[in-house]
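An overview of the molecular structure
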Amino acid sequence: MANLTISIDDADKQCIAEFCNQVGMTVSGLYNVFTKQVLREGRIPFEIAVDRPNRATVRALQEGDRIANDPNAKGYTNVKDLMEALAK
């Protein structure tokens, strides 16, 4: 059995370890499954996913929450006023 060393961002390492835990496998097991499937099919053959938004979506949702809870945020009651403000 050979060893493979890869370098990844610390946050990505934590996230992939959490993902593997959620689907009941180790990080090493994940890469072994991936390698076997790639070799068998000659392509990146599958998607393993947890139903959750990606980082960009999470940041956008958090920003939306901040704006929604900001008493100083400008709000609009109709599309006409919003479009006029956007045009400025």
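Preceding this paragraph is the structure being described.
Here we summarise the structure given alongside this text. For clarity, every value in this text was computed on a predicted model and none was experimentally measured.

**Structural notes on the overall build of the protein**
When you go through the protein residue by residue, the secondary structure sums to four helices and zero strands. Going from N to C terminus, the protein has its helices and strands arranged as α-α-α-α. When the 88 residues of the protein are sorted by exposure, 6% land in the buried category. Taking contacts inside the protein between residues at least 6 apart in sequence as the whole, the part at least 24 apart equals 34%. If you sum the accessible surface of the protein, you get close to 7900 Å²; carbon and sulfur atoms cover 54% of it. In the protein, the 11 positive side-chain charges and the 12 negative ones have mean positions that sit 4 Å from each other.

**Observations concerning a nonpolar patch on the surface**
Judged by side-chain polarity, Leu4, Ile6, Ile8, Val27 and Tyr31 come together as a nonpolar surface patch covering roughly 450 Å² of accessible area. Note on placement: Tyr31 falls in helix H2 (residues 27-41). For Tyr31, a relative accessible area of 33% translates into the label partly exposed.

**Section: the packing of aromatic side chains**
Under the counting rule described, the total for this entry stands at one aromatic pair. An angle of 70° between the planes, with centres 6.2 Å apart, marks the rings of Phe34 and Phe46 as edge-to-face. Pair noted here: Phe34 is in helix H2 and Phe46 is in the loop between H2 and helix H3 (55-68), with a separation of twelve residues, a long-range link. Of the residues examined, Phe46 reaches a relative accessible area of 29% and is grouped as partly exposed. Lys74 extends its terminal NZ or CZ atom over the ring of Tyr76, reaching a point 5.3 Å from the ring centre.

Rules behind the numbers
Residues numbered from 1 in each chain as written. Predicted model: local features only at pLDDT ≥ 70, side-chain atom pairs only at ≥ 80, totals over all residues. Heavy atoms only, no water. Helix = DSSP H or I, 4+ residues; strand = E, 2+ residues; numbered from the N terminus. Buried < 20%, exposed > 50% of the residue type's maximum accessible area, 1.4 Å probe, protein only. Contact = heavy atoms within 4.5 Å. Areas by Shrake-Rupley, 256 points an atom, 1.4 Å probe, with all protein chains shown as cover. Lys, Arg positive; Asp, Glu negative; His and termini not counted. Charge placed at Lys NZ, Arg CZ, Asp CG, Glu CD. Patch = residues over 30% accessible without salt bridge, like charges linked within 9 Å, V, L, I, M, F, W, Y side chains within 5 Å. Salt bridge = Lys/Arg side-chain N within 4 Å of Asp/Glu carboxyl O. Phe/Tyr/Trp six-rings, centres within 6.5 Å; stacked < 30°, edge-to-face > 60°. Lys NZ or Arg CZ within 6 Å of the ring centre and 35° of its normal.

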